[in-house]
Amino acid sequence: MRSDHQKLKSAIGDDLPIINLSSSSSSLQRSEVARLIVKACEEYGFFKVINHGVPDHIIAKMEEVSFNFFSKPVTEKQQATPFGYGCKNIGFNGDSGEVEYLLFSTNPLFIAQAQSSNSISIDNDPTKFRSVVSSYIEAVRELACKILDLMAEELRVHDTSAFSKLIRDVESDSIFRLNHYPPVLCSSKNNSSISNSTNSCKVGIGEHSDPQILTILRSNNVSGLEISPNHGVWIPVSPDPTAFFINVGDLLQVMTNGKFVSVKHRVLSNSAESRMSVAYFGAPSLDAKVTTLPELVTPTKPCLYRPFTWAEYKKTVYSLRLGDSRLELFRK
Ligand SMILES: C=C1C[C@]23C[C@@]1(O)CC[C@H]2[C@@]12CC[C@H](O)[C@@](C)(C(=O)O1)[C@H]2[C@@H]3C(=O)O
Ligand SMILES: O=C(O)CCC(=O)C(=O)O
Ligand SMILES: [Fe+2]
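Keep in mind the model is a prediction, meaning the values are calculated, not measured.

1. Description of the overall build of the protein chain
Alright, step 1. The helix and strand tally for the protein chain stands at nine helices and 15 strands.
Alright, step 2. Buried positions account for 51% of the 332 residues belonging to the protein chain.
Alright, step 3. Counted over contacts in the protein chain with a minimum sequence separation of 6, partners at least 24 positions apart contribute 74%.
Alright, step 4. Entry remark: accessible area of the protein chain is about 15300 Å², with carbon and sulfur atoms responsible for 51%.

2. A word on the site of ligand 2
Alright, step 1. In the region of ligand 2, 13 residues are neighbours, and Tyr181, His208, His265, Arg275 and Ser277 sit closest.
Alright, step 2. Separating an oxygen atom of ligand 2 from a side-chain N or O atom of histidine 208 is a distance of 3.1 Å.
Alright, step 3. Serine 277 places a side-chain nitrogen or oxygen 2.6 Å from an oxygen atom of ligand 2.
Alright, step 4. According to the grid-proximity analysis, the pocket containing ligand 2 is the largest pocket.
Alright, step 5. Listing elements by their share of the shell around ligand 2, those giving two or more residues are strand S5 (175–181), strand S7 (200–208), strand S12 (264–268) and strand S13 (275–282).
Alright, step 6. For the shell around ligand 2, a count of residues per class yields six nonpolar, four polar and three charged.

3. Details of the confidence of the model for the protein chain
Alright, step 1. Residues of the protein chain with pLDDT of at least 70 account for 87%, and the chain-wide mean is 89.
Alright, step 2. Model confidence for the complex: the whole-complex pTM is 0.93, and ipTM, which rates the interface, is 0.99.

4. Description of helix H3 (residues 56–70)
Alright, step 1. Counted at 1.5 Å a residue, the expected span for H3 with its 15 residues is 21 Å, and the 21 Å between its end C-alpha atoms agrees.
Alright, step 2. Turning to H3, its buried residues are Ile58, Ile59, Met62, Val65, Ser66, Phe69 and Phe70. In a view along the axis of H3, the buried residues occupy a sector of 135°, so they form one face of it. Turned more than 90 degrees away from the buried face of H3, the exposed residues are Asp56 and Phe67.

5. A closer look at the sheet that holds strand S2 (residues 46–50)
Alright, step 1. One open sheet accounts for eight strands, arranged S1-S2-S11-S8-S13-S5-S4-S3; its pairing is mixed. Two strands bound the open sheet, and with one partner strand each, they are strand S1 (18–20) and strand S3 (84–90). For this sheet the average axis-to-axis angle between neighbouring strands, irrespective of direction, equals 25°.
Alright, step 2. In the sheet, strand S8 (residues 214–219) pairs with S13 via six bridges, with the strands oriented antiparallel. By the bridge assignment for S13, leucine 214 is matched with glycine 282.
Alright, step 3. On the sheet, H3 packs against S3, strand S4 (95–105), S5, S8, strand S11 (244–248) and S13 and is oriented at approximately 60° with respect to S5.

Quick notes on the rules
Residues numbered from 1 in each chain as written. Chains lettered and ligands numbered in written order. Predicted model: local features only at pLDDT ≥ 70, side-chain atom pairs only at ≥ 80, totals over all residues. Heavy atoms only, no water. Helix = DSSP H or I, 4+ residues; strand = E, 2+ residues; numbered from the N terminus. Buried < 20%, exposed > 50% of the residue type's maximum accessible area, 1.4 Å probe, protein only. Contact = heavy atoms within 4.5 Å. Areas by Shrake-Rupley, 256 points an atom, 1.4 Å probe, with all protein chains shown as cover. Near = heavy atom within 4 Å. Polar contact = N/O pair within 3.5 Å; in protein donor to acceptor, adjacent residues only side chain to side chain. 1 Å grid on protein atoms, 1.4 Å probe; cavity = no way out; pocket = protein on both sides within 12 Å on 5 of 7 lines; lining within 4 Å. Sits in = over half its atoms within 2 Å of the grid points. Nonpolar A, V, L, I, M, F, W, Y, C, P; charged D, E, K, R; others polar. pLDDT = per-residue confidence, 0-100. Expected span 1.5 Å × (residues − 1). Arc of directions from axis to C-beta. Pairing = 2+ DSSP bridges. Axes fitted to C-alpha atoms, helices over the stretch in contact; angles between N-to-C directions.

Take a look at the structure:
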């Protein structure tokens, strides 16, 4: 007979933690799920969620509009205002990769402009993109809040909505990103490639951590994502389009006083197939003060980071390169 623990957490090929959220309905199982989430955040800053409750039709429509968007001619994609379309250039400081993307704020007012400017039309229907994206964002935000509340419960934080209320804020600066990594042949000659003893592969997005609180990521069934829980070690993550992958972001590392780790990750291009991913980056409002929760500070674990606003942190992040460590600059 398998124990409850084994039923809740089963190993995947690559041995990364899997959290079965359907088990969080009874209070006994809820605390076991919360315990496994916290363990995963301490050990990896990363886990996969199954039975997440996000309806299949919302996911399928999101995948469809994303595919439709990236299939458009480049000139049309470049006109996708007020959304930010980018190809190969990442950020503003010289980073690049084999990726094209659409990056925008999850603020409903911002998304509404898409309709008024008719900037992205899917199946000749300018409202379709907006409504599909809005439903998806709403669903993944709820998933993020559910996970954040479970974390707070297990960490014995007095206010169990301490994390989730930051991303529920109407002024939340959360962002949304669609990524498309076209197939690129691996070669041993190119400079912008990563090599090991047998082959080398082009980089889609280079090594980085996500600066926000929590990232909810989903992809099609094409590999490429790798995480690095220990310096120099890269673990490939098997794709699973039925699941969501959760990254601890820099702010959660600060709020938990370094108990949770903001996971380093990267994406390598696949030589045969297109990878498409959708990421929701849950962030607080720009003026929110980010502080370490008092419950995570003890005489033996003094507070590691000075308080700062998300605006201050974001400004630093955007002034640096993708792979730069920024948290060090905010240590006490
Ligand atoms: C080079 C950069 C791209 C990035 C902003 C930055 O200056 C450093 C962090 C990068 C990152 C990583 C996670 C997300 O994909 C992202 C949108 C974010 O918030 O921080 C990207 C930024 C970006 O692509 O603009
Ligand atoms: O495409 C992926 O799997 C990861 C994307 C990512 O790390 C990002 O957009 O920040
Ligand atoms: Fe990322």
